[in-house]
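Chain and residue survey
Below are the chains, spelled out letter by letter.
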Amino acid sequence: MNRPQIIGAAQIALSVLFLAGYFVVLWAFLMGWIRTPDTWRDALIALLGVITGSVTTIVSFWFSRSRTEAQ
């Protein structure tokens, strides 16, 4: 494998790992498997919002990358 292929594979692996982990944690919260004290509620909502923003960043990276390669 050459360097661009290694970098591409690493980007895909990290993106899949992050997105899978995000949705697993989100699902566990929604199903009630993860219980937290009420005092942490505001902090966890803010953290979930930040992580959700990262999801859109990752998705936009892949869509912008595919557009530049197609041209």
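Structure's up top.
Residues numbered from 1 in each chain as written. Predicted model: local features only at pLDDT ≥ 70, side-chain atom pairs only at ≥ 80, totals over all residues. Heavy atoms only, no water.

A few points about helix α1 (residues 3-31)
Put simply, the rule reads: Numbered from the N terminus, helices here are DSSP runs of H or I no shorter than four residues, and strands are runs of E no shorter than two. To estimate how far a helix should extend, the number of its residues minus one is multiplied by 1.5 Å. Buried, partly exposed and exposed residues are distinguished by accessible area as a fraction of the type maximum, computed with a 1.4 Å probe on protein chains only: under 20%, between the cut-offs, and over 50%, respectively.
Between its first and last C-alpha, α1 extends 42 Å over 29 residues, near the 42 Å set by a 1.5 Å rise per residue. Gly8, Ser15, Tyr22, Leu26 and Ala28 are the residues of α1 that are buried. Just downstream of α1, Gly32 is the residue with a positive phi angle, here 85°.

Points about the packing of aromatic side chains
Stated formally: Any two rings among Phe, Tyr and Trp, with Trp reduced to its six-membered ring, count as a pair given centres within 6.5 Å; such a pair is stacked if its planes are under 30 degrees apart, edge-to-face if over 60, and tilted if neither.
By the definition in use, this model includes 2 aromatic pairs. Aromatic side chains Tyr22 and Phe23 sit 4.9 Å apart centroid to centroid with 70° between the ring planes, which places their arrangement in the edge-to-face category. A relative accessible area of 47% places Phe23 in the partly exposed class.

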